[in-house]
Amino acid sequence: MSVLDVRLEAQSEYFENSEKEAELFLYLELKAAETGDNNARVPLNVCLVLDRSGSMRGDKIHYVKEAANFVVDNLSRDDYLSLVEYDHEIAVLQKSETVCDKNLIKRRIAEITARGNTNLSGGIFEGYEQAHTSVNEHRVNRVLLLSDGLANQGITEPVKLCALAAQWFREKGISLSTFGVGSDYNEDLMTELSENGGGNYYFIESPDQIPDIFAEELQGLLTVVAQNCKMTLEFPGSFVSCDKVYGYPAQIRNGAVEIMLNDLFSNQQKAVLFKLSLKPELSEDITFDLSVRYDDALESMSRITEQRQLRIRREAEPGKHKHAANPRVAGQIVLFTSNEMFSDVLALADARQFDEAENLLRQLKSYLEGYQNAVSDNEEINHLYKSVLNYEERLLRMREMDQYEYSLSQKMGKYNSHLIAKKMAFSRCGKRIVEENKACSPFPLSVCPASS
């Protein structure tokens, strides 16, 4: 029995013969199996990289210590742990080694004090170096980075920092999850670091949420069922091109798309939407070949390759491809493209172009409502719509907001969009956002796909 359920679907089983370029969407979904109570888990190799800059004083540093202690309590003697703290200086509290003396590690955690500036790059560098000393393809290798402020020491350019994360992930197999606390950190940077680093991003609005959100990340790491997952989609490059990939960073080349999906934990779902162009000279059926390679961490403990083939048939009859539309994929197209529009609204508000943001948000609402028939049973789209309504209320007040409220509103909106893109909106880490949306009632929905 496979530990991953792999599904590749197209918006229609036909494409229409045309004198112009045609558009085609493919949807890939991976669903991980559920782990049993008796399943042996994969050992962890984790480095905690903790911000101790001056702005972490008080409740923040208290809850960081509580979260770090929680991690220690839940690791075993088979796991490796290292601890790095940083301000404008970098200190290694615990070199990477097996978790044998938990009391000693906790005493070191208790000594953490807040001071200084924020050398984010230095903390990341040292975190990767520590994790690398114990890196092993049969362990879950991850750096957990927490910060509440802007990088103002060391390397501060986002492009360079993200390139660093991508390099460690792709070449060394060490992923990076980021935790942003409060209103002052750069959420775009923290999101991009996790995207390029193959991990997760978490927005922590209040310091007292730090332990619970660390627990969410650790729970995932402790229930990994598939490791080092890589997806390759191949197609006839002379006639088909990939214009865009929604969901995960991708390497697009002529005739193929590659995506590193990293680890999947118990019951986790990951999804990718491909936007493709079909050249007008295409006169034959198209075949798409999908390979998903991963290490089975639940049953066989071996390298597995799942292969799927999808054929889209050429149809000369006008409009037949619309009658053969796949409603499930239609819903995902609405979800991903709407969520991208939502991200554009947030970017306009970042630039304080509030009139433009309000105008685009109205278009987004109209777009979602225009597709209401196609998404009657799609919880994710209902959730996105409610998120848009919530954000609209805040957007209309933004001109009068102080900097703190404005920053938190933007971070909340971006985090919600991120959870939707990653299929995490209804996971435990997304529960807080979903609870916020319960105040808004869903828009009325009915039946079959709307035609575009």
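The notes below deal with the structure included here. Because the structure is a prediction, the values reported are computed rather than measured.

1. Considering the side chain of Asn119
Here is step 1: Looking at the element boundaries, Asn119 is found in the loop between α2 (102-110) and α3 (120-133).
Here is step 2: Here Ser121 takes part through its side chain, which lies 3.2 Å from a polar atom of the side chain of Asn119.
Here is step 3: For Asn119, the residues in contact, after removing those within four places along its chain, are Tyr86, Asp87, His88, Ile90, Gln153 and Gly154.

2. With respect to the sheet that holds strand β8 (residues 175-181)
Here is step 1: The mixed open sheet is built from six strands, whose spatial order is β6-β5-β4-β7-β8-β9. One side of each edge strand has no neighbouring strand; the edge strands of this open sheet are β6 (90-98) and β9 (198-204). Taken over all neighbouring pairs, the strand axes of this sheet differ in orientation by 10 degrees on average, direction set aside.
Here is step 2: Bridge count between strand β4 (residues 44-51) and strand β5 (residues 80-86): seven bridges; the pairing is parallel. Pairing of Leu48 across the sheet is with Leu83, part of β5.

3. Observations regarding the packing of aromatic side chains
Here is step 1: Inspection of every chain in the model, using the stated rule, returns nine aromatic pairs.
Here is step 2: Centroid distance Tyr201 to Tyr415: 5.5 Å. Interplanar angle 90 degrees. Geometry classified as edge-to-face. With a gap of 214 residues between them, Tyr201 in strand β9 and Tyr415 in helix α11 (residues 403-421) connect regions that are remote in the sequence.
Here is step 3: A relative accessible area of 1% means that Tyr201 is categorised as buried.
Here is step 4: Exposure remark for Tyr415: the relative accessible area of 0% places this residue in the buried category.
Here is step 5: With a centroid separation of 6.2 Å and 55 degrees between ring planes, the pair formed by Phe235 and Phe288 is classed as tilted. In this pair, Phe235 is assigned in the loop between β10 (224-234) and β11 (240-246) and Phe288 in strand β15 (residues 286-296), connecting sequence segments 53 residues apart. As far as burial versus exposure is concerned, Phe235 and Phe288 are alike and both buried.
Here is step 6: Ring pairing ties together the aromatic residues Phe179, Tyr202 and Phe214, which thus form one cluster.
Here is step 7: The ring of Tyr185 has Lys411 lying over it, and the distance from NZ or CZ to the ring centre is 4.9 Å.

4. Overview of the sheet that holds strand β1 (residues 4-10)
Across a sheet, paired strands are connected by hydrogen bonds in the backbone, their directions being either parallel or antiparallel.
Here is step 1: One open sheet accounts for four strands, arranged β1-β3-β14-β11; its pairing is antiparallel. This sheet does not close on itself; its edge strands, each paired only once, are β1 and β11. When the angles between neighbouring strand axes are averaged without regard to direction, this sheet yields 20 degrees.
Here is step 2: Pairing between β1 and strand β3 (residues 22-32): seven bridges, direction antiparallel. Directly across from Arg7, in β3, lies its bridge partner Glu29.
Here is step 3: Seen against the sheet, helix α8 (residues 327-350) touches β1, β3, β11 and β14 (269-278) and runs at an angle of roughly 95 degrees to β3.

5. Some points on the packing of helix α1 (residues 59-73) against helix α6 (residues 210-221)
Here is step 1: Between α1 and α6, whose axes approach to 8 Å, the crossing angle comes to 30 degrees. With respect to their mutual orientation, α1 and α6 come out roughly parallel. Handedness of the α1/α6 crossing: right-handed. Between α1, through Lys60, Tyr63, Val64, Glu66, Ala67, Phe70 and Val71, and α6, the contact on the second element is made entirely by Ile210, Pro211, Phe214, Ala215 and Leu218.
Here is step 2: Here the residues of the contact of α1 with α6 are counted per class, giving ten nonpolar, no polar and two charged.

Reading the values: rules and limits
Residues numbered from 1 in each chain as written. Predicted model: local features only at pLDDT ≥ 70, side-chain atom pairs only at ≥ 80, totals over all residues. Heavy atoms only, no water. Helix = DSSP H or I, 4+ residues; strand = E, 2+ residues; numbered from the N terminus. Polar contact = N/O pair within 3.5 Å; in protein donor to acceptor, adjacent residues only side chain to side chain. Contact = heavy atoms within 4.5 Å. Pairing = 2+ DSSP bridges. Axes fitted to C-alpha atoms, helices over the stretch in contact; angles between N-to-C directions. Phe/Tyr/Trp six-rings, centres within 6.5 Å; stacked < 30°, edge-to-face > 60°. Buried < 20%, exposed > 50% of the residue type's maximum accessible area, 1.4 Å probe, protein only. Lys NZ or Arg CZ within 6 Å of the ring centre and 35° of its normal. Parallel < 35°, antiparallel > 145°, perpendicular 65-115°, else oblique. Left-handed = near helix turned anticlockwise from the far one by under 90°. Nonpolar A, V, L, I, M, F, W, Y, C, P; charged D, E, K, R; others polar.

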